[in-house]
Amino acid sequence: MSSLSASSPHKTHEVAVSVRNLGLTYTTAIDKRPTLKARAKALGRGSKQTRVVRALDDVNLDVNYGQVLGVIGTNGAGKSSLMRCIAGILPPSQGRIEVNGSVSTLLALGVGFNPSMSGRDNVYLGGLAAGMTRDEITGHFDEIAEFSELGDAIDAPMRTYSSGMFARLAFSVAATVRPDILIIDEALSTGDAKFKEKSLNRIKELRSDDRALILVSHAMKTLRETCNDVAWLHKGKIVQRGEPNQVIDAYQKFLDLGKSAAIDEDV
Amino acid sequence: MSTPIQVYEPFKAGLPKLGKYWKSLWSRRTFISEFSKSELREQHFDSVFGQLWLVINPLLLSGVYFILIVIIRGGSDSTRYVHLTATLFLFYLISNSLTGGVKSITAGQRLILNTAFPRVMLPISAVIIAIFKFVPTIFVFLIIKVVVGSEFKVEMLWAIPILLITVLLALGLAITISCINVYFRDIASFLPYLTRTLLYLSPVLYEASELDPKLRVLEIVNPLFPILDSWSSALVHGQMPEISNMLQGLAWAVGIFLIGTYFFLSREREFAVRL
Ligand SMILES: Nc1ncnc2c1ncn2[C@@H]1O[C@H](COP(=O)(O)OP(=O)(O)OP(=O)(O)O)[C@@H](O)[C@H]1O
Ligand SMILES: [Mg+2]
């Protein structure tokens, strides 16, 4: 994958992403950080140092071009993990993923990976790491800066950004690059009302027959409006998949919140 | 279909496909140079004072160690000072690669969790930064040599292959230590002791020829020893370094580079789930 933006058009209904029997386990240290000291101590006691978290379990999922798939689920359900597997960032522990096209993830392009560098540097470095060329990024940069409405702040270190400004820049990068497959993981949650509206409009614009969109969100109203398909993930398994209103209704019933204001609200 | 299909499957132990890995690394070479540049900029090495510091810092260091030598031996001469600066500056190329490399993976967490790219780019960038910091010290050294009146000879050109060997060793060490730090995060806190010990075990504050025969074992177990010794022969004494010395240094560098890279490449796919 050398380029994110330039590739031939894909036909509608052609498979964009195919996930088969996907399993993913994280191995984390029981202590805050794995250290030599802790390992040496554990040797004496013979205790295990790692905890295994099963984040995804036998997930099957197909996404076609022309589809806008919403992914819902409680915190820790495995949504972000699934997205990282599809983007090729996390290798699966079991199963197989086939991706037919270029992928861009949001928060992706590693935007903001180095907080002491400016927004501009971070956009460039993130893009270069993702395999774009300098010229490609330069070609997109003005649009990114303009869409994010950050003004002069684009040249300020990213540690001085508010979380909303951070999200603005990340969204702008992902929405400007125009990949075949765009994954947006909870990006709209911290923007203010105006930017939220703007980015929602951009997502609607990006819906097209030769693109596949995957939106991870807790904002049910947004998903009902934008998606034509929704998958509900719970404890690493897909519980239900299908028509948005149906799946979301079932999910809300599961949450026992009914149609309370909190879940419809775009937060 | 013209866009290639990417397939992600559980990885087997061992190396990824090297041809593909190299291609994806090569296509991101601008990342390495841009990353090094912005890191240096962030450390203010793009300003006049920053660059001045790159020159003053090694001078001060060599000054401090020279005082140490004078006090311990009760006197010294200019050749000793030239030897000290030459070897100390090269030593700092390695030590800066180690300190920059050790946290390169753990500090790049955000990028690693959100972008798919060859992870080895990060320790490589750390070595490039160390090289950027090394270059001005070459000029400092040459000026010192002129001022002291030490002779310039054609044999000094042997320094070039020795420098290449050093860079290979620095790469190997940075890649290895950045990988180890993912599994043992306290390596970073041990590192200052490690580099300090390496400095004393290397022919920097003394010359290899003065070493007590009983301590000759250092020449064999310290990867830096043959390299620094050859460096001093070429640059300070204007002699051709012993071939056996250079070969020994080369063997260390190639060995550490290959073993470290093997570990790194066979492990890097699981870095993201371990950060
Ligand atoms: N880097 C990590 N190391 C260890 N465990 C992790 C890591 N990231 C996620 N997990 C675990 O994997 C599970 C799924 O996490 P994930 O981030 O995919 O959830 P999510 O559905 O995105 O949740 P949220 O709605 O809060 O974003 C959780 O149990 C979490 O604890
Ligand atoms: Mg998440």
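In case you missed it, the structure is sitting above this.
Everything quoted here is computed from the prediction, not taken from an experiment. (Residues numbered from 1 in each chain as written. Chains lettered and ligands numbered in written order. Predicted model: local features only at pLDDT ≥ 70, side-chain atom pairs only at ≥ 80, totals over all residues. Heavy atoms only, no water.)

### Considerations on the overall build of chain B
Scanning chain B for helices and strands turns up 12 helices and 1 strand. Walking chain B from its N terminus toward its C terminus, one meets helices and strands in the order β-α-α-α-α-α-α-α-α-α-α-α-α. The C-alpha atoms of chain B give a radius of gyration of 20 Å, which matches the 19 Å a tight globule of 275 residues would have. Each principal axis of the C-alpha atoms in chain B carries an extent, and together these give about 70 × 45 × 35 Å. Counting over 275 residues, chain B shows a buried share of 51%. Relative to all contacts within chain B whose residues are 6 or more apart in sequence, the contacts with residues 24 or more apart total 78%. About 13300 Å² of surface is accessible on chain B, with carbon and sulfur atoms providing 69% of the total. Positive and negative charge centroids in chain B, built from 23 and 17 side chains respectively, lie 11 Å apart. (Helix = DSSP H or I, 4+ residues; strand = E, 2+ residues; numbered from the N terminus. Rg over C-alpha atoms; globule rule 2.2 N^0.38 Å. Buried < 20%, exposed > 50% of the residue type's maximum accessible area, 1.4 Å probe, protein only. Contact = heavy atoms within 4.5 Å. Areas by Shrake-Rupley, 256 points an atom, 1.4 Å probe, with all protein chains shown as cover. Lys, Arg positive; Asp, Glu negative; His and termini not counted. Charge placed at Lys NZ, Arg CZ, Asp CG, Glu CD.)

### Section: the overall build of chain A
Broken down by element type, chain A carries 9 helices and 9 strands. Here chain A holds 267 residues, and 53% of them are scored as buried. A separation threshold of at least 6 residues defines the contact pool for chain A, and within that pool the share at least 24 residues apart is 73%. Accessible surface for chain A amounts to roughly 11400 Å². Of this, 51% is attributable to carbon and sulfur atoms.

### Quick notes on the interface of chain A and chain B
Contacts between chain A and chain B engage 53 residues on the former and 42 residues on the latter. Together chain A and chain B conceal approximately 4000 Å² of surface at their shared face, both sides included; 58% is due to carbon and sulfur atoms. Our enumeration of links across chain A and chain B arrives at 3 salt bridges. When the shortest N-O distance is used, the salt bridge between Asp-121 of chain A and Arg-41 of chain B registers 3.1 Å. Counting residues per element, the side of chain A that touches chain B draws most heavily on strand E4 (residues 94–100) of chain A, which supplies 7 residues. Within the side of chain A that touches chain B, the residues separate by chemical class into 24 nonpolar, 19 polar and 10 charged. In this sheet, strand E1 (residues 5–8) of chain B lies alongside E4 of chain A in antiparallel orientation, the contact comprising 4 bridges. Paired with Val-99 of chain A across the bridge in E1 of chain B is Gln-6 of chain B. (Buried area = accessible area lost by both parts, 1.4 Å probe. Salt bridge = Lys/Arg side-chain N within 4 Å of Asp/Glu carboxyl O. Nonpolar A, V, L, I, M, F, W, Y, C, P; charged D, E, K, R; others polar. Pairing = 2+ DSSP bridges.)

### What about the nonpolar core?
In this structure, Leu-82 and Ile-181 of chain A together with Phe-31 of chain B are the most contacted members of the largest nonpolar core, which totals 126 residues. Ignoring anything within four residues of it in the chain, the contact list for Ile-181 of chain A reads Ala-16, Val-17, Tyr-65, Val-99, Asn-100, Gly-101, Ser-102, Val-103, Ser-104 and Ala-212 of chain A. Counting residues in hydrophobic clusters, the runner-up holds 21 residues, among them Ile-184, Leu-206, Val-247 and Tyr-251 of chain A. (Core = buried A, V, L, I, M, F, W, Y, C linked by side-chain atoms within 4.5 Å.)

### Here we look at the side chain of Glu-207 of chain B
All names here are of chain B. Note that Glu-207 resides in the loop between helix H9 (187–201) and helix H10 (217–221). Within the structure, the side chain of Glu-207 is placed 3.0 Å from the side chain of His-237, a separation counted as a polar contact. Excluding anything up to four places from it in sequence, Glu-207 contacts Arg-80, His-83, Ser-232 and His-237. (Polar contact = N/O pair within 3.5 Å; in protein donor to acceptor, adjacent residues only side chain to side chain.)

### A short note on the pattern of salt bridges
Enumeration according to the criterion identifies 22 salt bridges over all chains in this entry. Taking the shortest distance from any N to any O, the salt bridge between Glu-210 of chain B and Arg-80 of chain B comes out at 2.5 Å. Within this pair, whereas Glu-210 of chain B is found in the loop between H9 and H10, its partner Arg-80 of chain B is found in helix H4 (residues 78–102), the two being separated by 130 residues in sequence. Salt bridges sharing common partners tie together Glu-149, Arg-168, Asp-192, Lys-194 and Lys-198 of chain A.

### A look at the site of ligand 1
All names here are of chain A. The full set close to ligand 1 counts 14 residues, and Asn-75, Gly-76, Lys-79, Ser-80 and Ser-81 are the nearest of them. Here Ala-77 contributes a backbone N or O atom positioned 3.2 Å from an oxygen atom of ligand 1. A distance of 2.9 Å is found between an oxygen atom of ligand 1 and a side-chain nitrogen or oxygen belonging to His-218. Starting from 630 Å² of accessible surface for ligand 1 in isolation, the protein chains cover 71%. (Near = heavy atom within 4 Å.)

### Observations regarding the packing of aromatic side chains
The final tally for this structure, using the stated rule, is 14 aromatic pairs over all chains. Taken together, the ring pairs connect Phe-147, Phe-171 and Phe-195 of chain A into an aromatic cluster. One cation-aromatic arrangement involves Lys-145 of chain B over Phe-152 of chain B; the distance from NZ or CZ to the ring centre is 5.7 Å. When the ring centre of Tyr-183 of chain B is taken as reference, the NZ or CZ atom of Arg-267 of chain B above it lies at 5.2 Å. (Phe/Tyr/Trp six-rings, centres within 6.5 Å; stacked < 30°, edge-to-face > 60°. Lys NZ or Arg CZ within 6 Å of the ring centre and 35° of its normal.)

### A few points about helix H3 (residues 48–73) of chain B
Residues and elements named next belong to chain B. With 26 residues, H3 should reach 38 Å at 1.5 Å per residue; the first-to-last C-alpha distance of 38 Å fits that figure. Of all the bends in H3, the largest measures some 25° and sits at Leu-54, one to four residues before the proline Pro-58. Looking at the buried positions of H3, the neighbouring elements they touch are H4, helix H7 (121–148) and H9. Directly after H3, the chain includes Gly-74, whose backbone phi takes a positive value near 70°. (Expected span 1.5 Å × (residues − 1). Bend = angle between axes of the 7 residues up to and from the residue.)

### Describing the side chain of Thr-176 of chain A
With respect to the secondary-structure elements, Thr-176 of chain A resides in helix H5 (residues 163–177). Excluding anything up to four places from it in sequence, Thr-176 of chain A contacts His-140, Glu-143, Ile-144 and Arg-202 of chain A.

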